[in-house]
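Geometric and topological summary
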Amino acid sequence: MTKFLVYNARKRQPGGDQAATYFERTECVAGVQDARFQQLMPDIIHWLGIRRIDRFVSMSNMKYDALVAGGIEIGERVPIPDWLVPPDASVEMEAKKAAGYFTPTKPPSKKDLKKVVGRDLDKF
């Protein structure tokens, strides 16, 4: 429900859905940027007997950092290819890359983020 409220608020804010205000809007609604507690994740991976991940298909810096801090070795980090990211998800992806998500290219600057805007609320 919280995620729905955040997406709704992002679409309805002045200027529309913007990468530059992605986390600000999330904090306004949810109170935090991300409520997940990634530090517990390595416990499950250890319980499964996994000590190394050869190809880590996640761009999340929080997941990566939690695994490495938990003693899990990561081989290759694999980003989501741009062509697999729907246009409406570009706001979220660019904001997250700027905040530390893994990207093989230079992360977007604050100036770049202001250019990334989602479709209008009334566009289907």
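It should be noted that the structure appears before, not after, this text.
Below: a short report on this structure.

Scoring rules and cut-offs
- Residues numbered from 1 in each chain as written.
- Predicted model: local features only at pLDDT ≥ 70, side-chain atom pairs only at ≥ 80, totals over all residues.
- Heavy atoms only, no water.
- Helix = DSSP H or I, 4+ residues; strand = E, 2+ residues; numbered from the N terminus.
- Buried < 20%, exposed > 50% of the residue type's maximum accessible area, 1.4 Å probe, protein only.
- Contact = heavy atoms within 4.5 Å.
- Areas by Shrake-Rupley, 256 points an atom, 1.4 Å probe, with all protein chains shown as cover.
- Arc of directions from axis to C-beta.
- Polar contact = N/O pair within 3.5 Å; in protein donor to acceptor, adjacent residues only side chain to side chain.

Some words on the overall build of the chain
Along the backbone of the chain there are 6 helices and 2 strands. Counting only C-alpha atoms, the chain reaches 50 × 30 × 25 Å along its principal axes. In the chain, which comprises 124 residues, the proportion classed as buried is 33%. Long-range pairs, those at least 24 residues apart, make up 47% of the contacts in the chain with a sequence separation of at least 6. With an accessible surface of roughly 8400 Å², the chain has 58% of that area assigned to carbon and sulfur atoms.

Comments concerning helix H1 (residues 2-12)
Taken residue by residue, H1 has Val6, Arg10 and Lys11 as its buried positions. Down the axis of H1, the sector holding all buried residues measures 130 degrees, keeping them to one side. Of the exposed residues in H1, those oriented more than 90 degrees away from the buried face are Phe4 and Arg12. Each element contacted by the buried residues of H1 is listed here: helix H2 (22-30) and helix H5 (90-98).

A look at the side chain of Lys97
Residue placement: Lys97 occurs in helix H5. There is a polar contact of 3.2 Å between the side chain of Lys97 and the side chain of Glu94. The contact partners of Lys97, leaving out residues within four places of it in the chain, are Met59, Asp82, Thr103, Pro107 and Pro108.

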